[in-house]
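Okay, here's what each chain looks like letter by letter:
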Amino acid sequence: MLQRRTAVSKSSSLKQTASSNGKQPNGNSRRRKKQRPNSIALRAAIFVVSFILATLIIVANHLFGTNAINGASANINKKSDLLKFYLRKKVNANVPDDATDPAAEERAKQREARYHSLYRPKFDQNQLGYDIFNCPSTPPDHYPMAWTTVEVLSNWMPHDVTTIAPAYREIYQGLCVFDYTTQYDAALNYRKAELPFIIRNDPNVISTARRWEDDTEYLHDALGDETLFRTERSPINEFMWYRLRGKGMPRGYVKPPNDEINMSYGEWLERALAKDAMALQDEDLSAKVSAMKKRRMQLVTDNKKQDDSLENDDHDRDNSTEEEKLKNWYYFRLTTSLRHATKDPSPEKFAYDELPFLDPRKRSESQFYIVDPSEERGINCRFGMRGVISANHFDMSRNFIMIFGGERRYILGHPNQCKNMALHPIGHPSLRHSKVDWNNPLEWDENPEFKQALVNEVVLHAGDALYLPTAYFHYIVNLSLNYQCNARSGTTHENAKHIRECGFNMG
């Protein structure tokens, strides 16, 4: 939950006492007084000052948005944030368009080449029966191809996240990849059939991905160092969702070690870059992390000098030591809704401005991704650090998942595999989630049905959008620092039978 202080504006009204026809209230005409030189100078000065103020307001609205002046305090934690906000908006306004920036275009090409060299589909058209990059307009009967969990996981264990060229990974990919500009209609057929697929090369999605991925300071400038966001924390890299209700816990239940704290985006970014620097042995990145830490510590010192109450304001903050924080894993969250999207400036409005293709109000841009606008549930962003894993589970709604920087591995399963997924049942704090450690073959043996579950996998990178129909299983591995946002829009029931057969209610 964001912590806000909303500024209160005061207004006053002026009362007109003189009539508009140039007469005094008693009906007598006013005598025009002779203008004095100093009076003329004063009026001229007032006119000049008014003109300058009006010009400044117009310029400010142009740079920061038409509502920037009136709404600037909507998400400000401290007075000092107000100036920082305006500076951040000015920086963002001056970011060159990647379509006209040759250097940015070249960096994007290098990232694309790196991605394709590291992650390669293992099977071709002859083995799958279809070409994943040129899929038929009508989905094949056996689509998507799937393999046993043992085959997929043994080929690439989940904890093994760092791949450095010339090494590469062979992906058990069965999902089609459509080009938004040339294969839109075919992709639409798969969406209408409620089948998973990837779509890429949407100019709007790519534009956002270029901004977010090309410079780590872009989001840093927008989200800042002082606003606090709900962030998941764990001493281990595997995150298990849970919800504790009342005292009726299952016998022997042990709560997962992950919890939630408040953290600024700036500190999360520092932690995520540190994981990348360590894994890649990147000295330049390590130097950047050190500079960010120094800046953060100075900011904490300055804030305490300005406001002594901060020393006791530790509710839900991460009170771990610096050494503990280096070992911890963090999953940053930015959750938005249309209700808060009109507050300017705010992280919520920033998200909707940056992601118009997930905004149900902008149908020309979002009609492909927001399938049922009446059932939209906001935008949910999860920024991951290298190595973070989200346990296998299914959700009760269709979902479009987009990546705007970095890479994520998704292992997917059809709802008809529900009985094989070794799920926690209804009543358990982690219902709908697999109880099996996917990185531990010993636990596979303890749950023999899990070894028979059929799955496939994809590695998503910046600009990719994954359509995930209702109740599809997904296991998530963060392969690097990455930015992921998704939007849900309605529930379908074509697979309700499979979900009910393994003990869950589905309308």
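Residues numbered from 1 in each chain as written. Predicted model: local features only at pLDDT ≥ 70, side-chain atom pairs only at ≥ 80, totals over all residues. Heavy atoms only, no water.

### Description of the overall build of the chain
- A tally of helices and strands in the chain yields 17 helices and 17 strands.
- Taking all 507 residues of the chain together, the buried fraction comes to 48%.
- For the chain, restricting intrachain contacts to residue pairs at least 6 apart in sequence, the fraction spanning at least 24 positions comes to 79%.
- Approximately 26,400 Å² of the chain is accessible, and the part contributed by carbon and sulfur atoms is 52%. (Helix = DSSP H or I, 4+ residues; strand = E, 2+ residues; numbered from the N terminus. Buried < 20%, exposed > 50% of the residue type's maximum accessible area, 1.4 Å probe, protein only. Contact = heavy atoms within 4.5 Å. Areas by Shrake-Rupley, 256 points an atom, 1.4 Å probe, with all protein chains shown as cover.)

### Regarding the nonpolar core
- Phe 197, Trp 268, Tyr 369, Phe 383, Phe 404 and Tyr 483 are the most contacted members of the largest nonpolar core, which totals 112 residues.
- Top element by residues in this core is helix α10 (residues 265-280). It accounts for seven residues.
- Those residues in contact with Phe 404 that lie beyond four places of it in its chain are Val 205, Thr 208, Ala 209, Trp 212, Glu 213, Leu 355, Phe 357, Ala 462, Tyr 483 and Cys 485. (Core = buried A, V, L, I, M, F, W, Y, C linked by side-chain atoms within 4.5 Å.)

### Notes on the packing of aromatic side chains
- Here the structure, examined in full by the defined rule, presents 39 aromatic pairs.
- Here the aromatic rings of Phe 197 and Phe 400 are separated by 6.2 Å at their centres, their planes lie at 80 degrees, and the arrangement is edge-to-face. Of the two residues, Phe 197 sits in strand β5 (residues 197-200) while Phe 400 sits in strand β12 (residues 399-405), which places them 203 residues apart along the sequence. In this pair, the class of Phe 197 matches that of Phe 400, namely buried.
- Ring geometry for Trp 268 against Phe 332: centres 5.8 Å apart, planes inclined by 40 degrees, an arrangement best described as tilted. (Phe/Tyr/Trp six-rings, centres within 6.5 Å; stacked < 30°, edge-to-face > 60°.)

### Focus: the packing of helix α4 (residues 102-118) against helix α8 (residues 203-214)
- The geometry of α4 relative to α8 is characterised by a closest axis approach of 11 Å and an angle of 90 degrees between their N-to-C directions. Judged by the inter-axis angle, α4 sits roughly perpendicular to α8. On α8, the residues that touch Ala 104, Glu 105, Arg 107, Ala 108 and Arg 111 of α4 are Arg 210, Glu 213 and Asp 214.
- When its residues are assigned to classes, the contact of α4 with α8 shows two nonpolar, no polar and six charged. (Axes fitted to C-alpha atoms, helices over the stretch in contact; angles between N-to-C directions. Parallel < 35°, antiparallel > 145°, perpendicular 65-115°, else oblique. Nonpolar A, V, L, I, M, F, W, Y, C, P; charged D, E, K, R; others polar.)

### Observations concerning the state of the cysteines
- Under the definition given, this model contains three disulfides.
- Bridging Cys 135 to Cys 176, the disulfide has an S-S length of 1.9 Å. On the sign convention where negative means left-handed, the S-S torsion of about -95 degrees between Cys 135 and Cys 176 marks this disulfide as left-handed. Placement of Cys 135 in the loop between α5 (125-128) and β2 (147-148) and of Cys 176 in the loop between β3 (169-171) and β4 (177-179) is noted, with a sequence separation of 41 residues between them. Each member of the pair, Cys 135 as well as Cys 176, carries the same accessibility label: buried.
- One disulfide in the model links Cys 418 with Cys 502; its S-S distance is 1.8 Å. Between Cys 418 and Cys 502, the S-S torsion sits near 60 degrees, and that sign places the bridge as right-handed. One end of the pair, Cys 418, is in the loop between β13 (407-413) and α15 (441-446); the other, Cys 502, is in the segment after α17 (496-501), and 84 residues separate them in sequence. (Disulfide = S-S within 2.5 Å.)

### Brief notes about the sheet that holds strand β8 (residues 259-264)
- The strand order across the open sheet formed by nine strands is β4-β5-β15-β12-β17-β10-β9-β6-β8, and the pairing between neighbours is mixed. The sheet is open, and its two edges are formed by β4 and β8, each paired on a single side. Mean inter-strand twist for the sheet, computed between neighbouring axes without regard to direction, equals 25 degrees.
- Bridging between strand β10 (residues 376-384) and strand β17 (residues 482-489) involves seven bridges; their strand directions are antiparallel. (Pairing = 2+ DSSP bridges.)

### With respect to the environment of Glu 238
- Here Glu 238 shows up in strand β7 (residues 238-239).
- Glu 238 sits in the partly exposed class, given a relative accessible area of 22%.
- Between the C-alpha atoms of Glu 238 and Asn 258, which are 20 residues apart in sequence, the distance is 8.3 Å.
- Leaving out residues up to four positions away in the same chain, Glu 238 has contacts with His 159, Asn 258, Ile 389, Asp 437 and Asn 439.

### Digging into the sheet that holds strand β14 (residues 454-461)
- A sheet is described by the order of its strands in space; here six strands give the open sequence β2-β14-β13-β16-β11-β7, paired in mixed fashion. Here the strands that pair on one side only, and so sit at the sheet edges, are β2 and β7.
- Alignment of strand β11 (residues 389-393) against strand β16 (residues 473-478), held across three bridges, turns out to be antiparallel. Bridge pairing links Ile 389 to Val 477 in β16.

### A short note on the confidence of the model for the chain
- With 78% of its residues at a pLDDT of 70 or more, the chain shows a mean pLDDT of 84.
- Within the model, the stretch residues 1-37 combines pLDDT values under 50 with 35 contacts to residues more than four positions away or in other chains.
- Every residue in residues 57-96 scores below 50 in pLDDT, and together they form 66 contacts with partners more than four places removed in sequence or on other chains. (pLDDT = per-residue confidence, 0-100.)

### Describing α4
- Along its 17 residues, α4 runs 25 Å from first to last C-alpha, staying within 8% of the 24 Å computed at 1.5 Å per residue.
- By the burial criterion, the buried members of α4 are Ala 104, Ala 108, Tyr 115 and Leu 118. Along the axis of α4, the buried residues cluster in a sector spanning 100 degrees; they form a single face. Seen from the open side of α4, the exposed residues pointing more than 90 degrees away from its buried face are Pro 102 and Lys 109.
- Its buried side turned inward, α4 meets β1 (119-121), β3, β5, α8, β13 and β14. (Expected span 1.5 Å × (residues − 1). Arc of directions from axis to C-beta.)

### A closer look at the pairing of strand β9 (residues 329-336)
- Most of β9 is tucked away: seven of the eight residues are buried.
- For strand β6 (residues 228-234) and β9, the ladder comprises four bridges, and the chain directions are antiparallel. The residue of β9 that forms the bridge with Ser 234 is Trp 329.
- As paired elements, β9 and β10 share five bridges and run antiparallel to each other. What sits directly across from Thr 336, in β10, is Ile 379.

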